[in-house]
Amino acid sequence: MFTLLIFFFSLSAFSLSLRIGWQNIPKDKFVLKNNVLYVQSSALADAIGADLDWDPIYKCVIFYYGKAELKYFIRSGKVWFNNKFIQTANKAFIANGRSYIPLRDFANIFGFKLKYNPTKKLIYVELGLATLENLNILSNGKTRIIFDFERNIEYEIVEKKTQHLIVDFFGSFIDPPRIDKKVNSKSLKSFYLVQFNPSTVRAVFEFDVNTRCSVVPENGSRFIFDFGTGESTTLKQNTVAEKPIKESESKTEYKRKGRKIRVVIDPGHGGVDSGAVGIFGGLEKDIVLKIAKLLGNKLMATGKFEIFYTRTGDEYVNLYDRAKFANDVKADLFVSLHLNSYKEKTVEGMEIYYFDFSEDGYVRRIVWKENLDPEKDKDKIAIRVMKKDSYTKESEKIAKYLLSEIAKDGLKVRSVKKGEFAVLAYTEMPSILIECDFISNPVVEVRLLNGDYVNKLTDSISKAIKSYFENN
Ligand SMILES: [Zn+2]
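Note that the coordinates shown come from a computational prediction; the quantities given were computed from them, not determined experimentally.

(A) Just helix H2 (residues 41-48), in detail. The element H2 is extensively covered by neighbouring structure, given that six of its eight residues are classed as buried. Buried within H2 we find Ser41, Ala43, Leu44, Ala45, Ala47 and Ile48. Looking at the residues trailing H2, positive phi occurs at glycine 49, about 80°.

Below you can see the structure in the form of C-alpha cells.
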C-alpha cells in the first residue's frame, strides 16, 4: 500500500505536464488513475479542434473530428468509431459531472503520436498535421489556385455560393495562421487561408457573381481551384498548370518566336516564404529578386537574350511550377537565384549547383508528379531519362564555366556542387542554381543590400552567360 501510494504520488498529475498539439492542458483537466492518463473530453476536443456532443439518453460522449465520428458509451464502456464498435484498453468515466477519456486509446484511434519527455515530465500528443507546403496562383484569363499539402488529407466544401467558396482541409496546418492573397483577376478578387481550429485549415475565396469555380483534388495532397467567367471551367484530372503564364508577363513577349536565347530567371522564394534572413533584416527573397531583375536587364541589353521570370513580385510560386514554366516557354537555360546561409558567420562566396541526377530518383519524381504509369509510359520515361541525363551534363559544364569566369572578375567563389533541388529536377533544359553569396555573413549582407555589389555581381554573371553561349 505504501509503495503504491508513493508510486501514485510520484506520477501524480501534479508533477506531470500535458501538451496536445500546441495547447498546454491545465493540470485540473487531466487525471492519472491506475497509471492511465485521462483527459476531460472538453479540453481534449478543444485541443485537437473537434466538435463535442453529449447524448443524455445513451450517456454517450461524441467527438466529431474532421469527417470522423467517435462515441464513448459511458455505461457499457463501449467505443464506437466510424460506424463500428472497436476494442480499447480503458474505459471513459464520469466524475463530478465531467467525462474523462483515456488519452492513449484516444490517440491510437486518430493516429496521434504520444511522446514522453522524462526530464520535463511532459506528455506530448503530436497531432501529425500536414503543413501547407506550396501555394500557387496562376492567371491567364482564368485563375488557378493550387495548394500543396505535405501529404494526403481530407477536405470538404463547406459552402459554395454565388460569391464565395469555403473549403476545409482536415488534419492540416499553416504558419502564419492566416494568409491573405489579393488576386484581382476578372474571376477572383481575393482569398485567404486561416487556421480555423487546431487541426483544420479553412480557405475562403471571394469572387464575382459571374464567376464559375471548380475544385479538382488532384491527389490527396494537391488541390486545384479554377475560377473563370462565363462557360464552365471543368478541367481534366491531373492537368497541372498547362500554361503558367505569369500575369506580369505580357502575352506578346511570350509568343515571340525570335532566334534569341531564352533564359528563365528564377528568383528563389517569395511571398510567405522569405528564404534566409540576415542579421540586419535582409531577406533572401527580396535580394534575389533585385539580382534577378538586374541580371535580366543586362542580358536583354546585349540583344541576344529573351528573358522570362518565374516571379516579378513578392509572391509565392511553387517549385514544380517554376520548372514547368521554364519547360513551357522552351527555355535554353534556367537560372535559379538564391542566397546561402551557414552557422559559421565568416563564410562567403558563390556556389553553383546542378542537378544531382540518378535514374531511379528522377523516374520516381516524374512518375509521382506527372502521374505516369511506369509500364504504359515506359518509352516516354526512357526518353525523359536520357534527355535529363544529357541536360545535366550540360548544366555541369555551364556551372563550371560560369564559376571560373566569375572568379576571374575578382568575385569570391567557392565551388560547383551537385544538389537535389526540386526546382532543378523538373526542368527539361540545362539548369543551374546559383547561391550568389552567404547572407548569414553580416559583411556580405551589407554588401548585398548595397547597390554597387549587386551591380558588380550581375555584371559578372551576365558576362559569363553571354560568353558561354558565344563559345558553345
Ligand atoms: Zn534559397
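(B) Spotlight on the coordination of the zinc ion. Those protein atoms acting as donors to the zinc ion are His269 (NE2), Glu284 (OE) and His338 (ND1), and they sit at 2.0 to 2.1 Å. Mapped onto the sequence, the residues coordinating the zinc ion show the spacing H-x14-E-x53-H. Pair noted here: histidine 269 is in the loop between strand E24 (261-267) and helix H5 (284-301) and glutamate 284 is in helix H5, with a separation of 15 residues, a long-range link. Residue histidine 269 is classed as buried on the basis of its relative accessible area, which comes to 18%.

(C) Summary view of the sheet that holds strand E3 (residues 30-33). Ordered in space as E3-E4-E11-E10, the four strands form an open sheet in which the pairing is antiparallel. The sheet is open, and its two borders are formed by E3 and strand E10 (93-95), each paired with just one other strand. The average angle at which neighbouring strand axes cross in this sheet is 35°, direction not considered. Where E3 lies against strand E4 (residues 36-40), four bridges are found, and the strand directions are antiparallel. Residue pairing in the sheet places phenylalanine 30 in a bridge with valine 39 of E4.

(D) Quick peek at the domain arrangement of the protein chain. You can read the domains of the protein chain as domain 1 (2-126), domain 2 (130-229) and domain 3 (251-471). Summarising the inter-unit geometry, the C-alpha centres of domain 2 and domain 3 are found 29 Å apart. Summing the contributions of domain 2 and of domain 3, the shared interface buries around 850 Å²; its carbon and sulfur component is 41%. The largest per-residue losses of area from domain 2 upon contact with domain 3 belong to Asn134, Asn136 and Arg222, which jointly make up 42% of the total buried on that side. Summed over the shared surface of domain 2 and domain 3, the result is zero salt bridges. Counting the contacts that link domain 2 with domain 3 gives three residue pairs in polar contact (both at pLDDT 80 or more). Among the secondary structure elements, those contributing two or more residues to the side of domain 2 that touches domain 3 are strand E14 (130-140), strand E15 (142-149) and strand E19 (178-182). Element by element, the count of residues in the side of domain 2 that touches domain 3 is highest for E14, at four residues. Along the lines of polarity and charge, the residues of the side of domain 2 that touches domain 3 split into three nonpolar, two polar and four charged.

(E) How the structure looks around helix H11 (residues 451-471). With 21 residues, H11 should reach 30 Å at 1.5 Å per residue; the first-to-last C-alpha distance of 30 Å fits that figure. The complete set of buried residues in H11 reads Tyr453, Val454, Leu457, Thr458, Ser460, Ile461, Ser462, Ala464, Ile465, Ser467, Tyr468 and Phe469. Where H11 begins, the side chain of asparagine 450 points an oxygen toward the backbone nitrogen of aspartate 452, at a separation of 2.7 Å.

(F) Spotlight on the pattern of salt bridges. Overall, the coordinates contain 23 salt bridges when judged by the stated rule. When the shortest N-O distance is used, the salt bridge between aspartate 168 and arginine 202 registers 2.6 Å. Of this pair, aspartate 168 sits in strand E17 (residues 164-170) while arginine 202 sits in strand E21 (residues 200-206); the two residues are 34 residues apart in sequence, bridging distant segments of the chain. With respect to burial, aspartate 168 and arginine 202 carry one shared label: buried. A salt bridge links lysine 466 to glutamate 470, with the shortest nitrogen-to-oxygen separation between them at 3.2 Å. Residue lysine 466 and its partner glutamate 470 are both found in helix H11; the two are separated by four residues, about one turn of the helix. In this structure lysine 466 comes out as partly exposed when scored by relative accessible area, which is 27%. On the basis of relative accessible area, glutamate 470 is assigned to the partly exposed category, the value being 46%. Here the salt bridges do not stand alone but share partners, grouping Glu348, Lys412, Asp437 and Arg447 into one network.

(G) How the structure looks around the sheet that holds E21. Across the sheet, which stays open at both edges, the five strands sit in the order E16-E17-E21-E20-E19 with antiparallel pairing between neighbours. Each of the sheet's edge strands pairs with one partner strand only, and the pair in question is strand E16 (155-160) and E19. Within the sheet, the average angular offset between the axes of one strand and its neighbour, ignoring direction, is 15°. As defined by bridge partners, E17 adjoins E21 across seven bridges and the pair is classed as antiparallel.

(H) Region of interest: the environment of tyrosine 72. Secondary-structure assignment places tyrosine 72 in strand E7 (residues 68-73). Note on tyrosine 72: relative accessible area 1%, which makes it buried. Residues tyrosine 72 and asparagine 82, spaced ten residues apart in sequence, show a C-alpha to C-alpha distance of 12 Å. When neighbours within four sequence positions are excluded, tyrosine 72 is seen to be in contact with Lys59, Cys60, Val61, Phe63, Lys78, Val79, Ala92, Ile101, Pro102, Phe106 and Ile109.

(I) Local environment of unusual backbone geometry. In this model, aspartate 175 is joined to proline 176 through a cis peptide bond whose omega is 0°. Checked against the element boundaries, proline 176 lands in the loop between strand E18 (172-173) and E19. With a phi angle near 65°, asparagine 35 is a residue other than glycine that sits in the positive phi range. With respect to the secondary-structure elements, asparagine 35 resides in the loop between E3 and E4. The partly exposed category is assigned to asparagine 35, whose relative accessible area is 47%. Unusually for a residue other than glycine, asparagine 184 sits at a positive phi of about 55°. As for its placement among the helices and strands, asparagine 184 is situated in the loop between E19 and strand E20 (190-197).

(J) Structural context of the environment of leucine 402. Checked against the element boundaries, leucine 402 lands in helix H8 (residues 378-408). Along the primary structure leucine 402 and isoleucine 465 are separated by 63 residues, whereas in three dimensions their C-alpha atoms are 6.8 Å apart. Beyond its immediate sequence surroundings of up to four residues, leucine 402 is in contact with Ile352, Ile432, Ala464 and Ile465.

Rules used in this analysis
Residues numbered from 1 in each chain as written. Predicted model: local features only at pLDDT ≥ 70, side-chain atom pairs only at ≥ 80, totals over all residues. Heavy atoms only, no water. Buried < 20%, exposed > 50% of the residue type's maximum accessible area, 1.4 Å probe, protein only. Helix = DSSP H or I, 4+ residues; strand = E, 2+ residues; numbered from the N terminus. Donors = N, O, S within 2.8 Å, 3.2 Å for Na, K, Ca; no water. Pairing = 2+ DSSP bridges. Axes fitted to C-alpha atoms, helices over the stretch in contact; angles between N-to-C directions. Domains from an automatic or database assignment. Buried area = accessible area lost by both parts, 1.4 Å probe. Salt bridge = Lys/Arg side-chain N within 4 Å of Asp/Glu carboxyl O. Polar contact = N/O pair within 3.5 Å; in protein donor to acceptor, adjacent residues only side chain to side chain. Nonpolar A, V, L, I, M, F, W, Y, C, P; charged D, E, K, R; others polar. Expected span 1.5 Å × (residues − 1). Contact = heavy atoms within 4.5 Å.

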